Amino acid sequence: MRIHSVELREVALPLVTPFRTSVGSQDDRNALLVKVTTTDGGVGWGECVAEDDPYYFPEYLSGEREVIQRWLAPTLAAVTDLRAAQVPGLLRPVRAHTMAKSAIEMAVLDAELRVLGVSLAQHLGAVNSSVPVGVSVGITDTLDALVEAVAGYLEEGYGRVKLKIEPGWDLEPVRLVRESFGDDLALQVDANTAYGPSDIPHLRRLDEFGLVLIEQPFAPDDLDSHRRLAARLDTPVCLDESIRSARDAATALRMEACSIINIKPGRVGGYLESRRIHDLCTSTGVPVWCGGMLETGLGRAANLALAALPGFTLPGDISATARYYARDITAPFVLDNGRLRVPDGPGIGIEPDPASLEAATTSVEVLTY
Ligand code: OSB
Ligand code: MG
């Protein structure tokens, strides 16, 4: 197939509740959608998970949009017999910009698989038709508000809870949630790089709460502090921001900087690189789970396909639509006994609802080749 056009569409979706982490707070999700049409009649959707500002990750939405427009789309459109499997290699000359690469790779994969009538789940090697999912709970103004939020999610059926932490919001909220909901609750924490190596003695105190893991306490490039923490902690250390490729994953594991990896396709450059990280980890018994970036239904569908692979043995940050949006651009994903169904239609298995997509759209640009 050959790419005939690439549509770059920005959408704005208000969050049902503000999402606060150690790096900032957000009330809305502005997402960049990439729609690829091909000369063989294929249509595919991709989602760029970059945020407005470079606080969680160096990449940011308007920058990723420019990278797609100026370099990635023209590079792929110049190939007359394009196959999705070639996309990572074709885009390798462009440094970094994994979020832009992931978005356009997802769109090409979706277009190719829709024409073939194969689901993304099947293509990636999924073994489950539904997956247990967790919920990521932001920092709240008060401890009461946190307990109320967690209670609500548990009532809805979530079986795993992740609390965002930062200095001043760690031992107390974790102790309170553990005491309020019992030892059986699968509980984990995510610091989004808020600590430094001098906090290692403090972080050791988290061991008493029986956490599933602690995610990314230190800076993305500080593997050494993660290694030192992992050696002193019973709680497994998990990396998010530090892992931008399968090579990063191999290095971190060899260094013993972590024993669990959060895989986010946007952060590592796509679903194909995500599968490589999965394969590397499963071959050595390292658990992985699928992270989330407050995706729209499009990214959520693709993440569910990935999370259905056999090595995803921990519940992901792939919550039901209602946890994020009152009205998404696709049909909602609904929690069923703590699980979400993995789409099984061709490609990512879901399409935007035209009226919802139109209502959320803030800009559209079509590049034709
Ligand atoms: O660190 O996992 C993170 C959202 C945006 C940026 C970074 C992170 C998150 C989440 C939310 O934790 C996960 C979700 O989509 O539910
Ligand atoms: Mg994280």
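A quick note: this is a predicted structure, and the numbers were derived from the prediction, not measured.

Draft legend 1. Main features of empty space enclosed by the protein. Within this structure, the stated rule accounts for one cavity of 30 Å³ or more. Within this model, the largest cavity holds a volume of roughly 50 Å³. Lining of the largest cavity is provided by Glu 47, Val 49, Ser 102, Ala 103, Met 106, Pro 265, Gly 266, Tyr 271, Glu 295, Gly 299 and Asn 303. Secondary structure elements with two or more residues in the lining of the largest cavity: helix 3 (98-116), helix 10 (265-268) and helix 12 (297-307). No other element matches helix 3, which puts three residues into the lining of the largest cavity. Per-class residue counts for the lining of the largest cavity are five nonpolar, four polar and two charged. Mapping the lining of the largest cavity onto the domain boundaries places at least three of its residues in each of domain 1 (3-117 + 351-368) and domain 2 (122-341).

Draft legend 2. Representation of the packing of aromatic side chains in the model. Counted by the stated rule, this structure contains three aromatic pairs. Both rings, one in Tyr 56 and one in Phe 57, keep their centres 5.8 Å apart while their planes meet at 25°; by these two values the pair is stacked. A residue is classified by how much of its surface remains accessible, and Phe 57, at 5% relative accessible area, is buried. In this structure, Arg 160 packs its charged tip against the face of Trp 289, placed 5.2 Å from the ring centre.

Draft legend 3. Main features of unusual backbone geometry. One non-glycine residue with positive phi stands out, namely Ala 96, at about 50°. Tracing the sequence through the fold places Ala 96 in the loop between helix 2 (87-91) and helix 3. By relative accessible area, Ala 96 is classed as partly exposed at 41%. Positive phi outside glycine occurs at Asn 337, with the angle close to 55°. With respect to the helices, strands and loops of the structure, Asn 337 is situated in the loop between helix 12 and strand 12 (339-341). For Asn 337, a relative accessible area of 74% gives the class exposed.

Scoring rules and cut-offs
Residues numbered from 1 in each chain as written. Chains lettered and ligands numbered in written order. Predicted model: local features only at pLDDT ≥ 70, side-chain atom pairs only at ≥ 80, totals over all residues. Heavy atoms only, no water. 1 Å grid on protein atoms, 1.4 Å probe; cavity = no way out; pocket = protein on both sides within 12 Å on 5 of 7 lines; lining within 4 Å. Points joined across faces, edges and corners; volume = space filled by probe spheres on them. Helix = DSSP H or I, 4+ residues; strand = E, 2+ residues; numbered from the N terminus. Nonpolar A, V, L, I, M, F, W, Y, C, P; charged D, E, K, R; others polar. Domains from an automatic or database assignment. Phe/Tyr/Trp six-rings, centres within 6.5 Å; stacked < 30°, edge-to-face > 60°. Buried < 20%, exposed > 50% of the residue type's maximum accessible area, 1.4 Å probe, protein only. Lys NZ or Arg CZ within 6 Å of the ring centre and 35° of its normal.

Limitation: the analysis is restricted to geometry and does not speak to function.
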